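Single-letter residue listing:
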Amino acid sequence: MSGFQAVFRREFRAAFNSPVAYGLIAAFLVFTSAWLYFVTGFYALGLADLSSWFGMMPVVLAFIVPALTMRSWAEEVRLGTGELLLTLPFGELGLVVGKFLASFAIVAIAVLLTLPVPIMASFLGSFDVGVLAGQYLGVLLVAAAATAIGQWVSSRARNQVSAFLGATLLLLVLVLVDRVGSFLGSAGLLSEFLNWLSLARHFGAFGRGVLDSRDLAYYLAATFFFLYLTAWTIGRRKWS
Amino acid sequence: MIEAKELRKSYNRVEAVKGVSFSVERGQVLGLLGPNGAGKTTIMKILTGYHFPTEGSALIDGVDVTVDPVAIKRKIGYLPESAPLYPDQSPAEYLDFMADVRGLEGSARSSAIDRAVSACSLGPVFHKPVEELSKGYRQRLGLAQAILHDPDILILDEPTTGLDPNQILEIRGLIRELGKEKTVILSTHILQEVEAVCSKVLILNEGRIAAQGTADEIGEALKGEARVSFRVRGRKGEIGRKALETALGRLSSAAALRSLEEAQGGAFDVDLALKASGSSDGDVFDWAVTEGLVLLELLPHKLSLEEIFVKLTTDPGVGATEGGRK
């Protein structure tokens, strides 16, 4: 069994052997459902459109994902088990990918458990399945990038609390940074850059059911970049 | 086989290891001995590829640890200091994870787990979560993990900490057994452990080697401090203090008289430092015969490893000059 498989299995099992995974999945579902009823007023609106509901998911993920990834490296350092992991016959990237996939799988489960919402809503009116698939793909891509970022923050943090706070702050900034862009006015290189940086802005097209390769590339690049950065951060400690 | 060449390691400009060289062959157990902060753990971290050396190189079977760390880590079983474990796992789950990691499958997997569990006597706690285990069980679980894949090389950082005396004897027996066909390096503060288990000793002090060799070789090299104490009386009647002192002056291998006290029945207790080279306890017998004296008791003081250790790690001059360097 390769390194990332072994690490993935351990992490995934550990999360479900403790209340962590259940608690976070429940929190995600309660929050998103409450949002659907109380904030978007979906049932009062009478429109078969969930785009504003999907639109707030990046914000929810900015809180849920760090709660899941805060342990990943900060806790290994505290317990000393990081020394054990890093003296196993794997490269750092294998360990990082194993941990990433375990966290991502839990977030993906939480996201996919919201499926009953569109399914129930489909009885109320006709839904565009293509749009819905695009919206879910978009949420999962945001979740992947957020998980990679959360893990990187955890690899730099001394403890879980600072890992959580740091990752939440960073993710909220990345989600909301395009609002600053629109503040600055529509023109200008800076506002374009801020828009480009925003995790939420790239999600917009998915929300409308448009699959733009630039958005896809943005999320994949962000995910891979932070996975490599995490592996590099951990590997560099050997020399310090 | 393990070879360290002029290893140096600095953490934030503090040099923890200052040029250490040694080698260990298969079938040897090397003990790293030294006070806290001597560099034992750092050396082990370098050999296991957890930290890279600042200078020098560490070779495992001829391969540099910084060149192909993954290949080297496959050959090594490592017990880090304080045996880090995941508190939420039971020994069963933990060893299962390690068996995954080591790529053990099928019958090899279950027999490896059985062997490690029985060698480390983990049976009674196999399904208890680690957070409920005593220090001794945690330590033994760490050791079980290290020997699980039957590695050629074992690196054990203080393997017997937290164990009770019976467990210590058990684990030492296990290490001795493993040491017959593997290359083992262990670190310890406990001097008896080195005498009981190790075929070779490396005494470290402040990041440098103060002495290396077998326990006897190191003792031999420091024999300058050899002492002997004996009780002596005259063959015919009493001997005066003055006369005895003059007689002692004729004992060629005596270096210094440390004490001379009158004992019962006109005998004297003598405590004598012997000269470093060419002197032996036998000289005292010969001397007593020629002087017409009777030896009632003779006690040679061989330097114990404990005394050597204290000497090497507290006296700055000793290690550098005569500390049994090969």
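Residues numbered from 1 in each chain as written. Chains lettered and ligands numbered in written order. Predicted model: local features only at pLDDT ≥ 70, side-chain atom pairs only at ≥ 80, totals over all residues.

1. Quick look at the overall build of chain B
Let me state the cut-off plainly: Elements are defined by DSSP. Helices are runs of H or I of four residues or more, strands are runs of E of two residues or more, and each kind is numbered from the N terminus. The globule rule used for comparison is 2.2 Å times the number of residues to the exponent 0.38, while the radius of gyration itself is calculated over C-alpha atoms. Here a residue counts as buried when 20 or more other C-beta atoms fall within 10 Å of its C-beta, as exposed when 12 or fewer do, and as partly exposed in between; the C-beta atoms come from the backbone. In this description, a residue-residue contact is defined by the distance between C-beta atoms placed from the backbone, which must lie within 7 Å.
In terms of helices and strands, chain B carries 12 helices and 14 strands. Scaling as 2.2 N^0.38, a compact globule of 326 residues should have a C-alpha radius of gyration of about 20 Å, whereas chain B reaches 25 Å, well beyond that. Expressed as lengths along the three principal axes of its C-alpha atoms, the size of chain B is roughly 80 × 45 × 30 Å. Of all 326 residues assigned to chain B, the portion counted as buried reaches 41%. A sequence separation of at least 24 residues applies to 70% of the contacts in chain B between residues at least 6 apart.

2. Looking at the overall build of chain A
Each helix and strand in chain A was counted, giving 14 helices and zero strands. Going from the N terminus to the C terminus, chain A shows its helices and strands as α-α-α-α-α-α-α-α-α-α-α-α-α-α. Whereas a compact globule of 240 residues would reach a radius of gyration of roughly 18 Å, chain A reaches 19 Å, a difference of no more than 12%. The principal-axis extent of the C-alpha atoms belonging to chain A is close to 60 × 45 × 30 Å. Buried positions account for 43% of the 240 residues belonging to chain A. Within chain A, counting contacts between residues at least 6 apart in sequence, those at least 24 apart form 79% of the total.

3. Comments concerning the sheet that holds strand β5 (residues 63–64) of chain B
Residues and elements named next belong to chain B. Applied cut-off: What makes two strands pair is DSSP finding at least two bridges between them. Note on geometry: axes are C-alpha line fits, over the in-contact stretch for helices, and angles between N-to-C directions span 0 to 180 degrees.
With antiparallel pairing, four strands are arranged side by side in an open sheet as β2-β1-β4-β5. With partners counted over all chains shown, the strands left at the sheet margins are β2 (14–24) and β5, one partner each. Helix α1 (residues 40–47) rests against β1 (2–11), β2 and β4 (55–60) of the sheet, and its axis sits at about 115° to β1.

4. Some points on unusual backbone geometry
Residue and element names in this part refer to chain B. Not every positive phi belongs to a glycine, and N12 is a case in point at roughly 45°. Locating N12 in the fold gives a position in the loop between β1 and β2. By the C-beta count within 10 Å, which is 5 here, N12 ends up exposed. Its identity is not glycine, yet R13 carries a phi of approximately 70°, on the positive side. Turning to its location among the elements, R13 is positioned in the loop between β1 and β2.

5. Quick notes on the sheet that holds strand β12 (residues 254–262) of chain B
Residues and elements named next belong to chain B. Across the sheet, four strands lie side by side as β12-β13-β11-β14; this open sheet has antiparallel pairing. Only two strands of the sheet have a single partner each, and these edge strands are β12 and β14 (293–301). Taken pair by pair, the neighbouring strands of this sheet meet at an average axis angle of 20°, ignoring direction. Looking at chain direction, strand β11 (residues 227–234) and strand β13 (residues 268–274) are connected through six bridges and run antiparallel. Counterpart to F230 in the pairing with β13 is V270.

6. Observations concerning the nonpolar core
So the rule is basically this: For the purposes of this analysis, a nonpolar core is taken to be any set of buried Ala, Val, Leu, Ile, Met, Phe, Trp, Tyr and Cys residues that are connected through C-beta atoms within 7 Å.
Judged by nonpolar contacts, the single largest core of 136 residues is most densely connected at V142, A143 and A145 of chain A together with A144 and I185 of chain B. Per-element tally for this core: the top contributor is helix α10 (residues 129–156) of chain A, with 11 residues. Once residues within four sequence positions are removed from consideration, A145 of chain A is found in contact with L199, Y219, A222 and T223 of chain A. The next biggest cluster of nonpolar side chains, apart from the first, holds 12 residues, and it includes F230, L244, A267 and V284 of chain B.

7. With respect to the packing of helix α8 (residues 92–112) of chain A against α10 of chain A
Residues and elements named next belong to chain A. Going by this rule: Any angle between 65 and 115 degrees counts as roughly perpendicular, while under 35 counts as roughly parallel, over 145 as roughly antiparallel, and the rest as oblique. Helix crossings fall into two classes, left-handed where the near helix is turned counterclockwise from the far one by less than a right angle and right-handed where it is turned clockwise.
Orientation of α8 relative to α10, taken along the N-to-C sense of each, is 140°, at an axis distance of 9 Å. By the angle class used here, α8 and α10 are oblique. When the axes of α8 and α10 are compared, the crossing they make is right-handed. Residues V96, K99, F100, S103, F104, V107, A108 and V111 of α8 form the contact with α10, whose own contacting residues are V139, L140, A143, A144, T147, A148 and Q151.

8. Section: the confidence of the model for chain A
Stated formally: The predictor rates its confidence in each residue with pLDDT, a number between 0 and 100.
When pLDDT is averaged across chain A, the result is 87; 94% of the residues are at 70 or more. α8 of chain A holds the highest mean pLDDT among the elements of chain A, 94, whereas helix α3 (residues 42–45) of chain A holds the lowest, 67.

9. Overview of the interface of chain A and chain B
Selection rule: Residues are grouped as follows: nonpolar covers Ala, Val, Leu, Ile, Met, Phe, Trp, Tyr, Cys and Pro; charged covers Asp, Glu, Lys and Arg; every other residue, Gly included, is treated as polar.
The partner chain B presents 19 residues to the 20 residues of chain A that form the contact. Listing elements by their share of the side of chain A that touches chain B, those giving two or more residues are α1 (3–17) and α7 (81–86) of chain A. For the side of chain A that touches chain B, the element with the highest residue contribution is α1 of chain A, accounting for five residues. A class-by-class count of the residues in the side of chain A that touches chain B yields 10 nonpolar, six polar and four charged.

10. Let's talk about the environment of S111 of chain B
Checked against the element boundaries, S111 of chain B lands in helix α4 (residues 106–119). The sequence separation of S111 of chain B and A243 of chain B amounts to 132 residues, and the corresponding C-alpha distance is 74 Å.

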